[in-house]
Amino acid sequence: MRNVWRILKRDARRLLHVPLAMVIIGGALITPSLYAWFNIAAFWNPFDNTKNLSVAVVNLDEGAYNELAGEVNVGDQLVAQLKENDDLGWHFLSEDEGMESVLSGESYAMFVVPETFSADLLSITSGDFTQPKLIYYVNEKENGVAPEITDTAATTLQTQITDSFNEQVAQAVVTAIQEGGSTAEADAEAAQGEIIGDLQQVAEVIAQTRTDLDALDGEIADARTGIQSSVTVIGGIDGTLAEARTTLVDVNNLAAEAQAELLRLAGEAATGQVIGSTAVGEAVAGTLEAVGRVSAASSSLLAAVEAQQTILGQSEVLLEGLDYQLEQTSAALSSLDDSLALLEDDLNVAIIDLQTIGSAALFQDLAELTGLNADQIAQFMATPVEVDQHTIFPTASYGSLMGALFINLSMWIGAFVLVVILKLDVDDEGIPDATERQKYLGRFSLFACIVLLQTITLSIGNLIIGVQHVNVFAFVVTPMLIGLAYLSVIYALSVTFGYIGKGLAIILVILQIPGASGIYPIQLMPEFFQSMYPFFPFTYGIDAMREVISGFAGFAYWRYLGMLAVFAALSFFLGLVLRPHVSNVTRLFTSEVRDTELFASEDGEPAGRGYRLNHVLRALADRSGYNQKLRERSVPFARSYRGYRRAIVIVGVAGMLALTALGFIFPDAKLEFIGLWVVWLFVVFIALITLEYIRFSLRLSTEVGEMPEAGLREQLAELESKR
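Keep in mind that this is a model prediction, so the values were computed, not measured.

(A) Representation of the overall build of the chain within the structure. Assigned secondary structure in the chain consists of 21 helices and six strands. For the chain, with 723 residues in total, the buried portion stands at 36%. The long-range share in the chain, meaning contacts at least 24 apart out of those at least 6 apart in sequence, stands at 80%. Taken as a whole, the chain presents about 41200 Å² of accessible surface, with 61% of it coming from carbon and sulfur.

Written out as structure tokens, the structure reads:
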């Protein structure tokens with residue numbers, strides 16, 4: 001570290017001893033800050049001056065009439081409101097004057113209220129709705145931001161028109177309600193009395209019905225008692241008839257037996273076996289006739305008894321069925337009586353409720369309709385909801401919001417200016433034993449001191465301007481840390497890759513402006529930038545400054561600084577560890593660019609000639625074998641070199657043309673094709689650099705083969721000293 005300190009002191013003395021050099025350094029201190037200061041001041045509160053933005057208004061509305069809203073002319077209301085509005089520079093012109101002002105650029109936009117605008121608005125009440133249209137002309141040629149502001153004005157006008165229409169309709173509706181309020185209250189009272197009377201009549205009918213049901217239920221009970229007695233009587237009769245039937249059957253049997261015996265006697269008389277057969281025959285014949293009459297009478301009576309038994313059985317079944325039906329009817333009447341009792345209770349409650357409703361909220365609300373405030377209702381209709389906004393991390397000015405981006409851009413520009421105006425290679429004057437790493441750190445220390453002065457100057461100026469901050473110390477120190485991180489990246493790229501590194505630094509700043517969420521939220525940017533967002537140093541530098549400007553949120557501030565420290569560490573790894581392995585690429589570009597005598601280039605190149613230790617050792621061990629193998633490689637390459645270069649150029653141009661054509665064919669994916677175009681161009685450059693590097697390496701190897709032995713040993717000693 002001693003040599004690093006010595007290099008820093010020597011370089012500082014060189015600057016201090018040359019007054020004009022200090023003027024240049026002073027310019028390097030102030031110029032990047034001017035970029036931030038002027039932009040922050042310019043963007044301080046640009047929307048406070050929108051009243052200077054000319055917008056033409058042409059009112060052609062002829063008005064309209066509606067029974068509900070009355071006479072309406074929304075165009076006149078709009079003009080009256082805009083005359084009291086200072087958000088934009090409203091100019092009320094005729095149609096021809098307005099169109100001329102937009103075409104000439106005198107006005108950035110023009111709004112035209114058509115003749116039928118009010119009529120179209122009122123058509124919503126007629127059932128034949130016509131969408132009202134506000135005609136809007138905008139001149140996008142004059143400015144990129146102005147159309148966005150006038151587009152917002154169009155939305156504002158639309159809202160104002162809607163609000164005005166709602167207010168007028170609301171006033172008309174409230175007036176109608178006020179006029180009808182008293183009538184509604186009287187009608188409600190009359191309806192109340194009529195309903196109570198009807199309900200009382202229904203209650204009386206229900207009470208009478210329940211009385212009748214009680215009487216009917218008693219009659220049914222008596223009927224069931226009579227039926228049960230009849231069934232008992234029928235049972236007794238049926239028993240008597242059964243006994244009579246048995247007797248009649250016996251009579252018939254006896255008559256049959258008597259007839260049989262008489263017939264036997266008649267037969268004996270006929271054969272003369274009985275004394276006095278003639279008299280006996282006559283007596284038997286008379287008796288048979290009498291027995292026949294008895295048998296016929298008993299048979300007839302038996303049939304009648306059986307028929308009566310059948311009838312009595314059917315009557316008993318019918319009476320039992322009737323008893324069951326009467327039992328079910330009695331149960332149904334009991335259930336109906338219970339339901340009617342509940343209904344009667346509900347009717348009584350309803351009557352009581354209706355009798356007391358006059359003092360309830362409904363009638364009170366009806367009574368209050370005539371006291372409605374039309375203006376308050378109209379205002380509510382126009383703006384039914386108010387937003388109670390609570391701002392988290394409030395920032396007073398737009399300039400402070402943009403300050404995070406401009407401060408970071410200023411620091412990147414300041415670091416880049418240093419690698420452009422100051423030499424990157426470090427000479428050995430006064431410090432002959434300094435190593436490459438010590439030289440790297442020594443010159444970086446000088447640049448770091450200047451960057452710290454740049455950031456202090458920048459922060460003091462921002463404090464004077466009035467950029468918002470939550471902590472003065474953090475507001476000054478944070479840019480210093482961010483500036484050192486950016487310097488480490490730019491310095492490592494420039495020292496390691498020379499012109500290529502400086503070009504990469506420029507490409508990085510181009511990509512970081514849209515890709516680090518400096519202006520718009522990253523979610524609004526294309527996918528390409530969203531994917532690159534975490535890999536940009538600006539991402540964390542801008543967020544760190546936002547924390548300092550608007551307020552700290554947990555450990556976010558330290559996380560952002562930690563990510564910047566990671567970028568710085570990777571940059572030092574590139575500059576101190578990887579740089580020797582790519583030094584020949586830097587030599588190639590430096591020597592080739594110097595040969596053009598057109599580019600400003602460094603006076604020196606990376607230390608040494610770029611020879612490789614293994615090549616020197618092989619040449620010392622077997623020069624002829626080394627040269628033979630070298631010729632086997634270099635001769636074919638020399639013959640094919642121009643062809644390779646031509647092929648790379650042709651393929652590269654063809655690929656770029658193809659990607660360009662695809663971008664026109666598929667416009668929705670144009671950004672992806674632009675990204676592929678850049679990647680393809682990078683691949684072509686890498687191919688050309690690789691071709692030139694092979695050529696350069698073969699030239700160095702040839703120089704080793706042609707070098708005398710003393711020169712080889714000298715190079716060997718130099719290369720070994722650097723190990």
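(B) Layout of the sheet that holds strand S1 (residues 54-59). Read from one edge of the open sheet, four strands run S4-S1-S5-S6, paired in mixed fashion. The sheet is open, and its two edges are formed by strand S4 (89-92) and strand S6 (135-138), each paired on a single side. Direction aside, neighbouring strands of the sheet carry axes that sit 20° apart on average. Pairing of S1 with strand S5 (residues 109-113) involves five bridges; the strand directions are parallel. Each bridged residue has a counterpart across the sheet, and for Val 57 the counterpart in S5 is Phe 111.

(C) Region of the structure containing the pattern of salt bridges. For the coordinates displayed, the defined rule picks out 10 salt bridges. One salt bridge in this structure joins Lys 439 and Asp 428, with 2.5 Å as the shortest N-O distance. Placement of the pair is Lys 439 in helix H11 (residues 436-465) and Asp 428 in the loop between helix H10 (398-421) and H11, with a sequence separation of 11 residues. With a shortest N-O distance of 3.9 Å, Lys 439 and Glu 436 are connected by a salt bridge.

(D) Molecular detail of the packing of helix H12 (residues 472-497) against helix H15 (residues 537-550). The contact between H12 and H15 brings their axes to 10 Å, and the two run at 175°. With respect to their mutual orientation, H12 and H15 come out roughly antiparallel. Residues Ala 474, Phe 475, Thr 478, Pro 479, Ile 482 and Tyr 486 of H12 pack against Pro 537, Phe 538, Gly 541, Ala 544, Met 545, Val 548 and Ile 549 of H15. In the contact of H12 with H15, the residues fall into 11 nonpolar, two polar and no charged.

(E) Main features of a negative patch on the surface. Where like charges cluster on the molecular surface, the negative patch consists of Glu 62, Glu 95, Asp 96, Glu 97 and Glu 115. Position of Glu 97 among the secondary structure elements: in helix H4 (residues 95-104).

(F) Focus on the side chain of Ser 488. Positionally, Ser 488 belongs in helix H12. You can call Ser 488 buried: its relative accessible area is 2%. Once residues within four sequence positions are removed from consideration, Ser 488 is found in contact with Phe 444, Ala 568, Ser 571 and Phe 572.

(G) Just the nonpolar core, in detail. By size, the foremost hydrophobic cluster in this structure holds 62 residues, and its most contacted members are Phe 447, Leu 487, Tyr 491 and Phe 538. Looking at this core, the elements with two or more residues in it are helix H1 (2-16), helix H2 (19-42), H10, H11, H12, helix H13 (499-515), H15 and helix H16 (556-578). If we skip the residues at most four places from it in the chain, Leu 487 touches Ala 415, Phe 444, Phe 447, Ala 448, Val 451 and Ala 492. Of all hydrophobic cores here, the second largest spans 16 residues; its members include Ala 64, Val 72, Val 74 and Ala 109.

(H) Local environment of H16. Counted at 1.5 Å a residue, the expected span for H16 with its 23 residues is 33 Å, and the 32 Å between its end C-alpha atoms agrees. Structurally, H16 contributes buried residues whose contacts are with H11, H12 and H15.

(I) Examining the pairing of S1 more closely. S1 sits mainly inside the fold: five of its six residues count as buried. With four bridges connecting them, S1 and S4 associate as parallel partners. If you follow Ser 54 over to S4, its bridge partner there is Gly 89.

(J) Expanded view of H4. Within H4, burial applies to Gly 98, Ser 101 and Val 102. Down the axis of H4, the buried side of the element spans an arc of 95°, and every buried residue falls inside it. Facing away from the buried side of H4 by more than 90 degrees, the exposed set consists of Asp 96, Glu 100 and Leu 103. Those residues of H4 that are buried are in contact with S1 and S5. Where H4 ends, the next residue or the one after it, Gly 105, has phi of about 90°, a positive value.

(K) Just the side chain of Asn 462, in detail. Relative to the helices and strands, Asn 462 resides in helix H11. The exposure class of Asn 462 is buried, given its relative accessible area of 1%. When residues no more than four places from it in sequence are discounted, the contact partners of Asn 462 are Trp 37, Ile 40, Ile 407, Val 467 and Phe 475.

(L) The arrangement of the packing of aromatic side chains in detail. All told, the structure shown has 18 aromatic pairs when counted by the stated rule. Relative to Phe 538, the ring of Tyr 486 has its centre 5.3 Å away and its plane inclined at 35°; by these criteria the two rings are tilted. Linking Tyr 486 in helix H12 with Phe 538 in helix H15, this pair joins segments that are 52 residues apart in sequence. Phe 538 carries the same exposure label as Tyr 486, and that label is buried. Geometrically, the ring pair formed by Phe 552 and Tyr 557 is edge-to-face, given 5.2 Å between the ring centres and 80° between the ring planes. The partly exposed category is assigned to Phe 552, whose relative accessible area is 37%.

(M) Spotlight on the packing of H11 against H16. Direction vectors running N to C along H11 and H16 enclose 140°, while the axes themselves pass 9 Å from each other. Classed by the angle they form, the pair H11 and H16 counts as oblique. Judged by the twist between their axes, the crossing of H11 over H16 is right-handed. Together, Arg 437, Tyr 440, Leu 441 and Phe 444 of H11 and Ser 571, Phe 572, Gly 575, Leu 576 and Val 577 of H16 make up the contact between the two elements. Per-class residue counts for the contact of H11 with H16 are six nonpolar, two polar and one charged.

What counts and what doesn't
Residues numbered from 1 in each chain as written. Predicted model: local features only at pLDDT ≥ 70, side-chain atom pairs only at ≥ 80, totals over all residues. Heavy atoms only, no water. Helix = DSSP H or I, 4+ residues; strand = E, 2+ residues; numbered from the N terminus. Buried < 20%, exposed > 50% of the residue type's maximum accessible area, 1.4 Å probe, protein only. Contact = heavy atoms within 4.5 Å. Areas by Shrake-Rupley, 256 points an atom, 1.4 Å probe, with all protein chains shown as cover. Pairing = 2+ DSSP bridges. Axes fitted to C-alpha atoms, helices over the stretch in contact; angles between N-to-C directions. Salt bridge = Lys/Arg side-chain N within 4 Å of Asp/Glu carboxyl O. Parallel < 35°, antiparallel > 145°, perpendicular 65-115°, else oblique. Nonpolar A, V, L, I, M, F, W, Y, C, P; charged D, E, K, R; others polar. Patch = residues over 30% accessible without salt bridge, like charges linked within 9 Å, V, L, I, M, F, W, Y side chains within 5 Å. Lys, Arg positive; Asp, Glu negative; His and termini not counted. Charge placed at Lys NZ, Arg CZ, Asp CG, Glu CD. Core = buried A, V, L, I, M, F, W, Y, C linked by side-chain atoms within 4.5 Å. Expected span 1.5 Å × (residues − 1). Arc of directions from axis to C-beta. Phe/Tyr/Trp six-rings, centres within 6.5 Å; stacked < 30°, edge-to-face > 60°. Left-handed = near helix turned anticlockwise from the far one by under 90°.

In short, geometric facts, not functional conclusions.
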